[in-house]
Amino acid sequence: MFAPRLALPGATGVVWGWPDFRGGTSYREAYTRRSTDAGATLQAEVKANAMGTTATQDSYDLSLASSGTNVYATYDTFTGTRQRHVFVVRSTDSGATWG
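What counts, and at which threshold
- Residues numbered from 1 in each chain as written.
- Predicted model: local features only at pLDDT ≥ 70, side-chain atom pairs only at ≥ 80, totals over all residues.
- Heavy atoms only, no water.
- Helix = DSSP H or I, 4+ residues; strand = E, 2+ residues; numbered from the N terminus.
- Rg over C-alpha atoms; globule rule 2.2 N^0.38 Å.
- Buried < 20%, exposed > 50% of the residue type's maximum accessible area, 1.4 Å probe, protein only.
- Contact = heavy atoms within 4.5 Å.
- Areas by Shrake-Rupley, 256 points an atom, 1.4 Å probe, with all protein chains shown as cover.
- Lys, Arg positive; Asp, Glu negative; His and termini not counted.
- Charge placed at Lys NZ, Arg CZ, Asp CG, Glu CD.
- Pairing = 2+ DSSP bridges.
- Axes fitted to C-alpha atoms, helices over the stretch in contact; angles between N-to-C directions.
- Phe/Tyr/Trp six-rings, centres within 6.5 Å; stacked < 30°, edge-to-face > 60°.

Account for the overall build of the chain, with residues named and values stated.
On a plain count of helices and strands, the chain comes out with 0 helices and 7 strands. Starting at the N terminus and walking to the C terminus, you meet the elements of the chain as β-β-β-β-β-β-β. Taking 2.2 N^0.38 as the reference for a compact globule, 99 residues should give roughly 13 Å; the C-alpha atoms of the chain span a radius of gyration of 13 Å, in line with that estimate. Seen along its three principal axes, the alpha-carbon backbone of the chain occupies a region of about 45 × 25 × 20 Å. Put simply, the chain has 99 residues, and 37% of those count as buried. At a minimum sequence separation of 6, the contacts of the chain that also span at least 24 residues come to 33%. Summing over all exposed atoms, the chain offers an accessible surface of approximately 5400 Å²; the carbon and sulfur share of this is 54%. Measuring between centres, the 9 positive side-chain charges of the chain sit 3 Å from its 8 negative side-chain charges.

So what about the sheet that holds strand 5 (residues 59-67)? Which residues, and what values?
One open sheet accounts for 3 strands, arranged 5-6-7; its pairing is antiparallel. Strand pairing shows two members of the sheet lacking a second neighbour, strand 5 and strand 7 (83-91), which therefore form its edges. Along the sheet, successive strands turn relative to each other by an average axial angle of 20°, direction set aside.

Report on the pairing of strand 7, specifying residues and quantitative values.
With 9 bridges connecting them, strand 6 (residues 70-80) and strand 7 associate as antiparallel partners. Paired with Val71 across the strands is Ser91, a residue of strand 7.

Just give me the short version of the packing of aromatic side chains, but keep the residues and values in it.
Counted according to the given criterion, the structure contains 2 aromatic pairs. Aromatic side chains Trp18 and Tyr31 sit 6.4 Å apart centroid to centroid with 20° between the ring planes, which places their arrangement in the stacked category. Of this pair, Trp18 sits in strand 2 (residues 14-21) while Tyr31 sits in strand 3 (residues 28-35); the two residues are 13 residues apart in sequence, bridging distant segments of the chain. The class of Tyr31 is buried, set by a relative accessible area of 12%. Each ring, one from Tyr75 and one from Phe87, has its centre 5.9 Å from the other, and the planes form 20°; the classification is stacked. You can see Tyr75 sitting in strand 6 and its partner Phe87 sitting in strand 7, a full 12 residues away along the chain. For Tyr75, a relative accessible area of 1% gives the class buried.

This is the structure:
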């Protein structure tokens, strides 16, 4: 699924997320982008799956949720032959960083 997802952290925060093929890879990566002014301006894109073993594996079916300034991203990844796993990452700064 390539449809963008949204989370609304804080009073004027917006975080967009989507899986995307980048840099000539054969796998999707989970990207996010945020705004702290209700969408008037956008900050740089950030990979939500940039750490651990999922950094170089196909990450798809991205979903976002927020609670206060915490943003949560879930995504599916195949970690081996026919082994599908769901991962969760958290941002404690309204989507500026993930970990």
